[in-house]
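Each chain is listed here by its residues.
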Amino acid sequence: MNNLLTNAAARSARYLAAIPNRRVAPLPADVARLDALAGPLQESPTDPAEVLALLDDIGSPATVATTGGRYFGFVIGGTLPAALAANWLAAAWDQNAAFTAMSPVAARLEEIVLSWIADLLGLPAASGAAFVTGTTMSHFAALAAARTALLCRQGWNVEADGLFGAPPIKVVVGDEAHISLLKALAMLGLGRSRVISVASDSQGRMRPDALPLLDANTLLCIQSGNVNTGAFDPAAELCAAARQAGAWVHVDGAFGLWAAVSRQLSHLVQGVGEADSWAIDCHKWLNVPYDSGIAVVRDPEQLRAAFAASSAYLQQSAQREPCHYTPESSRRARAIELWASLRSLGRDGLRDLIEGNCRQARVFADGLRRAGFNVLNDVVLNQVLVSFGTPEKTQRVIQEVQSEGTCWCGPTQWHGHTAMRISVSSWATTDAEIQQSLAAILRIATADRTAT
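Okay, so let's go over this structure. What you see is a predicted model; the values in this text were computed from it and never measured.

Alternating positions in strand β10 (residues 410-414) separate cleanly, G410, T412 and W414 being buried on one face and P411 and Q413 remaining unburied on the opposite face. Here five bridges tie β10 to strand β11 (residues 417-423), and the two strands are oriented antiparallel to one another. Its bridge partner being in β11, T412 is matched across the sheet by A419.

See below:
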């Protein structure tokens, strides 16, 4: 076992050391070689060292270098060294985070991480939390608590009686709501097409003047950090309107809520702490390994009411039992990596990470504008949208950038425009890599402009 783990560590270290000098997307030939991992499963066992070698030799070249500094797609962060090391240790511990009796360390670390994150993001100190896989399940957990609370106000126990015949819940979202929110609403039986969609401005911010009539049976979902533009809904105004009506406010803060740690950016989240629940993604800007998200709910009992489970064989205690606050029972101890990431960065390191990526996004935008290309958004955070002309030209540039391999940026549609979306989200991104990537994009885009 020791030799195998030493071998795995050495192979992992070689992989990470090569990241700065390799292309971001794998070559087609490397992807094609993955077929060597297929075929019928053999009858007899295989030496674990041989299994590891095959996985590394065939699998590693076919990865996308998302943990490096030149990946700017899908708001994917890298993995901080302390978080990666903690992930390895957590895998060796093999803890089930369902109950304190199963893992005292996992249970305690969840409490610590929640207190730190609530403090960093300006959320209520007494909030409850579910440690889940990512934003979609963060929405699911938080909105399950909202569903339970809103129906309870109308005398309906959704956990006992289901949704058949239940009183209606009015769901209000912005017309720029992320698909993960709509997916969670669908999984909860609240529907995608039944939502009331509120108009947004040119940057994707929900317009308070376009709100429908809110009441105590309303679930209002707002956004902190538009996935295209990085823009923030005006939380203070929206929360005030909801509070007056008795509505529940849920915040999609997948990556944008981390702006709260920055003195330069915290004005963007003004009023967000007045909401009732928040969805936070940690494998984005906190740069921990996949998969890691947190659903935070102002009243822990509303979260517990949605998910608590008991049985004679489950050992309970007077402490917070993690299983009662999450959709899953058995699950990995994600708080281990979160604790390591936050402890390694500290407030200053986290602030530097967030502000540094936002500054680098502005460098991208300034360079693209100077070259004569159309930046479509106000770069208020870490997101840049750029058009290179016609939809066909923009798609061609995106495809060539991805194929060339210096960096990776993805496509999107924004208010009738086809655009390249650049998301700067990694601790590993250096200023030199920004310039290297910008130069590659401009070289490709300028050549395309000249050719046409």
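If you walk through the whole model with that rule in mind, you get seven aromatic pairs. Aromatic side chains F140 and F307 sit 6.5 Å apart centroid to centroid with 35° between the ring planes, which places their arrangement in the tilted category. Taken together, the residues span a long stretch of sequence, with F140 in helix α6 (residues 135-153) and F307 in helix α10 (residues 300-307) at a distance of 167 residues. Here a set of aromatic residues connected by ring pairs shows up, and it is made of Y71, F74 and W408. Above the face of the Y325 ring, R320 is positioned so that its terminal group lies 5.0 Å from the ring centre.

Locating R421 in the fold gives a position in strand β11. For the pair R421 and P411, spaced 10 residues apart in sequence, the C-alpha to C-alpha distance is 5.7 Å. Setting aside its immediate chain neighbours within four residues, R421 contacts F72, G73, F74, V75, V227, N228, Q383, V384, L385, C409, G410 and T412. Here the side chain of R421 touches V227 through a polar contact of 2.8 Å, landing on its backbone oxygen.

Further remarks concern the packing of helix α12 (residues 391-404) against helix α13 (residues 431-451). At a closest axis distance of 10 Å, the pairing of α12 and α13 adopts a crossing angle of 135°. As the angle between them shows, α12 and α13 are arranged oblique. Remark: the crossing between α12 and α13 carries right-handed chirality. Note on element contacts: α13 touches α12 through A440, I441, R443, I444, A445 and D448, opposite K393, R396, V397, E400, V401 and E404. Along the lines of polarity and charge, the residues of the contact of α12 with α13 split into six nonpolar, no polar and six charged.

What follows covers the nonpolar core. By size, the foremost hydrophobic cluster in this structure holds 65 residues, and its most contacted members are L220, W258 and L350. Looking at which element gives the most residues to this core, the answer is helix α11 (residues 335-370), with 10 residues. Those residues within four positions of L220 in sequence are excluded, and the remaining contacts are V172, M206, L211, L214, L238, A242, W248, V249 and H250. Listed in part, the 32 residues of the second largest apolar core include L143, L150, C221 and W248.

Analysis parameters
Residues numbered from 1 in each chain as written. Predicted model: local features only at pLDDT ≥ 70, side-chain atom pairs only at ≥ 80, totals over all residues. Heavy atoms only, no water. Buried < 20%, exposed > 50% of the residue type's maximum accessible area, 1.4 Å probe, protein only. Helix = DSSP H or I, 4+ residues; strand = E, 2+ residues; numbered from the N terminus. Pairing = 2+ DSSP bridges. Phe/Tyr/Trp six-rings, centres within 6.5 Å; stacked < 30°, edge-to-face > 60°. Lys NZ or Arg CZ within 6 Å of the ring centre and 35° of its normal. Contact = heavy atoms within 4.5 Å. Polar contact = N/O pair within 3.5 Å; in protein donor to acceptor, adjacent residues only side chain to side chain. Axes fitted to C-alpha atoms, helices over the stretch in contact; angles between N-to-C directions. Parallel < 35°, antiparallel > 145°, perpendicular 65-115°, else oblique. Left-handed = near helix turned anticlockwise from the far one by under 90°. Nonpolar A, V, L, I, M, F, W, Y, C, P; charged D, E, K, R; others polar. Core = buried A, V, L, I, M, F, W, Y, C linked by side-chain atoms within 4.5 Å.

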